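Notes for the structure review
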Amino acid sequence: MAASLRRPSFTACSSPTDTDDEGVRGTCEDASICKRFAVSIGYWQDPYIQHLVRLSKERKAPEINRGYFARVHGVSQLTKAFLRKTECNCQILNLGAGMDTTFWMLKDEDLLPRKYFEIDFPMIVTRKLHSIKLKPLLSKPILDLHSEDTLQMDGHMLDSTRYAIIGADLRDIADLEEKLKKCNMSTQLPTLLIAECVLVYMTPEQSANLLKWAANSFEAAMFINYEQVNMGDRFGQIMIENLRRRQCDLAGVETCKSLESQKPRRPLVPCGWESASAIDMMELYSRLPRAEVIRIESLEFLDEMELLEQLMQHYCLCWATKGGSELGLKEITY
C-alpha cells in the first residue's frame with residue numbers, strides 16, 4: 001500500500017502471541033526510558049530520542065546509567081568500524097530495534113549504509129511509525145533521502161530508499177525474510193546484523209535458526225549481540241526472578257551461563273559464522289577512553305563501585321563475522 005509519510009494510514013492488528021509477548025515488549029519500554037534518562041543528564045548526545053520516548057520522573061541509579069553508556073558506546077564503535085571497513089557500501093539489519101535512533105545518528109555523521117532496516121514486534125513498530133509521522137525531526141531525513149514520490153507504508157511497515165521499518169516476529173524466519181525482501185533487502189551487500197537483549201528472549205533453537213539464516217543469507221556479514229551473561233550465580237538468578245515477576249521469561253537463559261558458553265552458541269560458529277569474540281561489559285568499561293570515563297563519572301556520584309561491577313559482569317558484547325576477507329571484517333574488534 002502506497003501512502004504519504006505525512007498522511008499514512010495505520011491499521012490495528014493483533015496475533016495469538018501478542019499477550020504471551022507482552023512482558024518482552026515491556027523490556028523495550030524499560031530500555032528506552034533508561035536511555036532517555038541517561039541522555040537527559042548528559043551521558044551522551046541524542047537529539048532524537050526525546051521524540052520517541054517519554055522522560056521518566058523516576059531518577060535512574062548511576063550504575064544503570066553508566067551501564068547504558070557502555071552498551072551504547074560498545075555497539076556504536078563496532079557498528080562504525082563495520083561501516084568504515086565497507087565504506088558504507090553495505091546494509092544494516094537492527095533486530096528488535098525498539099525506539100533505537102541509530103539511523104538518524106548515523107545520517108548526522110555521514111555514515112549511513114546503503115539501507116538501514118529495523119525489525120520489531122508489529123505493536124512496537126506501529127508506535128514508532130506514529131512518532132515518525134508526527135515529528136518532522138524524524139520524518140524529514142527519511143523524506144530527504146527518498147527518491148520516489150510516495151513511500152510504501154501501512155500500519156506495521158514503512159519502506160523508503162534508505163530506511164525501512166518492519167513489523168515481524170523474529171521467530172518466524174519465512175515471514176521475516178519475505179518482508180525484508182519486499183523492502184529490497186540485498187543478499188549481495190555486506191550486512192551487519194545487530195541484536196541487543198533480543199536472542200535471550202528466544203529459545204536456543206529459535207535463536208540458532210535466526211543465526212543460521214543470517215549466516216546462510218549473506219556472503220559477507222557481521223553479527224553484534226549484546227545480552228546477559230554469567231546468569232548461573234545468585235545475582236543472575238535475582239535478575240531472572242525479577243523479570244519472571246513481570247511475566248517476562250528469559251527463554252534462552254541456559255545459553256547465557258558464561259562468556260565461553262556465549263561464543264560457541266551465538267552468533268556464532270556452529271551457526272555458520274567463522275570467527276567470534278566476546279567480552280563482558282566490565283572489561284569493555286575498562287577499555288573506554290579515559291577522558292570519557294572521567295566525564296561520565298563526574299556527572300553523578302556512585303556510592304559503591306561494586307554495584308557497577310556486579311551489574312556489568314552480567315552483560316556482554318559478542319561479535320562474529322563470516323566472509324568479507326577482502327574488507328578485513330575479521331580485524332574488527334573492540
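Reading guide: rules and limits
- Throughout, residues of each chain are indexed from 1 in the direction in which the sequence is written.
- The predicted nature of this model means local features are confined to residues of pLDDT at least 70 and side-chain atom pairs, given and counted, to a pLDDT of 80 or more, with totals for whole chains, interfaces and linings taken over all residues.
- Side-chain numbers here rest on the full set of heavy atoms in the structure, without hydrogens or water.
- UniProt positions are given in the numbering used here, feature names are shortened, and annotations may be inferred rather than shown by experiment.
- For helices the rule is a DSSP run of H or I covering at least 4 residues; for strands it is a run of E covering at least 2, with both sets numbered from the N terminus onward.
- Atoms considered for the radius of gyration are the C-alpha atoms alone. The globule rule reads 2.2 Å times the number of residues to the power 0.38.
- To sort residues, take the accessible area from a 1.4 Å probe on protein chains only and compare it with the maximum for the residue type: under 20% means buried, over 50% means exposed, and anything in between is partly exposed.
- Note on contacts: a residue pair qualifies if any of its non-hydrogen atoms lie within 4.5 Å across the two residues.
- You can read pLDDT as the predictor saying how much it trusts each residue, on a scale of 0 to 100.
- Should a side-chain nitrogen of Lys or Arg be within 4 Å of a carboxyl oxygen of Asp or Glu, the pair is scored as a salt bridge.
- Here is the rule: rings of Phe, Tyr and Trp (six-membered ring for Trp) pair when centre to centre is within 6.5 Å. Planes less than 30 degrees apart are stacked, more than 60 are edge-to-face, and the remainder are tilted.
- If DSSP finds at least two bridges between two strands, the strands pair.
- Here a crossover is taken to be right-handed if, once the strands point away from the viewer, the path from the first strand over the helix to the second is traced clockwise.
- Joining through side-chain atoms within 4.5 Å is the link that ties buried Ala, Val, Leu, Ile, Met, Phe, Trp, Tyr and Cys residues into a set, and such a set is a nonpolar core.

- The protein chain goes by Leucine carboxyl methyltransferase 1 in an unreviewed UniProt entry, where it is assigned to Capra hircus.
- Per UniProt, the comment on the protein chain under Sequence similarities (unreviewed entry) is "Belongs to the methyltransferase superfamily. LCMT family."

**Topic: the overall build of the protein chain**
- Along the protein chain, the regular secondary structure elements total 12 helices and 10 strands.
- The C-alpha atoms of the protein chain give 19 Å as radius of gyration, which agrees with the globular expectation for 334 residues (20 Å, within 12%).
- In terms of overall dimensions, the protein chain has a C-alpha envelope of 55 × 45 × 45 Å along the principal axes.
- Buried residues in the protein chain amount to 54% of all 334 residues.
- The contacts in the protein chain between residues at least 6 apart in sequence include a share of 78% that link residues at least 24 apart.

**Quick look at unusual backbone geometry**
- At Glu87, a residue that is not glycine, the phi angle is positive and equals roughly 55°.
- Looking at the element boundaries, Glu87 is found in the loop between helix H2 (62-85) and strand S2 (91-95).
- The backbone of Asp110 sits at a positive phi, close to 55°, despite the residue not being glycine.
- You can see Asp110 is positioned in the loop between helix H3 (102-108) and strand S3 (115-120).

**Here we look at the confidence of the model for the protein chain**
- Per-residue confidence for the protein chain gives a mean pLDDT of 90; residues scoring 70 or more make up 91%.
- Overall, residues 6-19 carries pLDDT values under 50, and its contacts beyond four positions in sequence, including any with other chains, amount to 21 contacts.

**Comments concerning the pattern of salt bridges**
- Tallying each qualifying case throughout the model produces 19 salt bridges.
- We note a salt bridge from Lys128 to Glu118, for which the minimum N-O separation is 2.8 Å. Of the two residues, Lys128 is situated in helix H4 (residues 122-134) and Glu118 in strand S3; the sequence distance between them amounts to 10 residues. For the pair formed by Lys128 and Glu118, the shared burial category is buried.
- Between Asp169 and Arg171 there is a salt bridge, and its shortest N-O distance comes to 2.8 Å.
- Taken together, the shared-partner salt bridges in this structure form one network comprising Glu29, Arg54 and Arg127.

**Comments concerning the UniProt feature "binding site: S-adenosyl-L-methionine" (unreviewed entry) in the protein chain**
- In the UniProt entry, the feature "binding site: S-adenosyl-L-methionine" (unreviewed entry) is given for Arg71, Gly96, Asp169, Leu170 and Glu196. A maximum C-alpha distance of 24.1 Å is found for the annotated residues, which run over 126 residues; spatially they are spread out rather than grouped.
- Counting through the fold element by element, Arg71 comes out in helix H2.
- Residue classification places Arg71 among the buried positions, given a relative accessible area of 7%.
- Here Arg71 is in contact with Ala31, Lys35, Glu196, Cys197, Tyr226 and Met281, once residues within four sequence places are set aside.

**Examining the packing of aromatic side chains**
- Applying the stated criterion to the full structure yields 8 aromatic pairs.
- Relative to Trp104, the ring of Phe103 lies with its centre 5.3 Å away and its plane at 85°, an arrangement referred to as edge-to-face. Summarising the burial analysis for this pair, Phe103 and Trp104 share the class buried.
- These aromatic residues form a ring-pair network of at least three members: Tyr48, Phe103, Trp104, Tyr116 and Tyr163.

**Some thoughts on the pairing of S2**
- The buried fraction of S2 amounts to 5 of the 5 residues, a majority that puts the element mostly inside the structure.
- Relative to S3, S2 is paired through 5 bridges, and the arrangement is parallel. Residue pairing across strands places Gln91 opposite Lys115, the latter belonging to S3.
- As a crossover connection, the stretch from S2 through H3 into S3 is right-handed.
- Sheet topology places S2 next to strand S7 (residues 191-196); 5 bridges connect them, and they run parallel. Paired with Ile92 across the bridge in S7 is Leu192.

**Looking at the nonpolar core**
- Counting residues in hydrophobic clusters, the biggest one holds 77 residues, and the most contacted among them are Tyr163, Tyr285 and Leu317.
- Not counting chain neighbours up to four residues away, the residues in contact with Tyr285 comprise Arg66, Ala70, Val293, Ile296, Glu297, Met305, Leu308 and Met312.
- Formed by 31 residues, the second largest nonpolar core is a distinct cluster that contains Leu93, Leu170, Ile173 and Leu210.

**Observations regarding the pairing of S7**
- In terms of burial, S7 is a largely internal element, 6 of the 6 residues being buried.
- In this structure, S7 lies alongside strand S8 (residues 221-228), joined through 6 bridges in parallel fashion. Bridge assignment links Leu193 to a residue of S8, and that residue is Phe223.
- Regarding topology, helix H7 (residues 204-217) serves as the crossover connection from S7 to the parallel S8, and that connection is right-handed.

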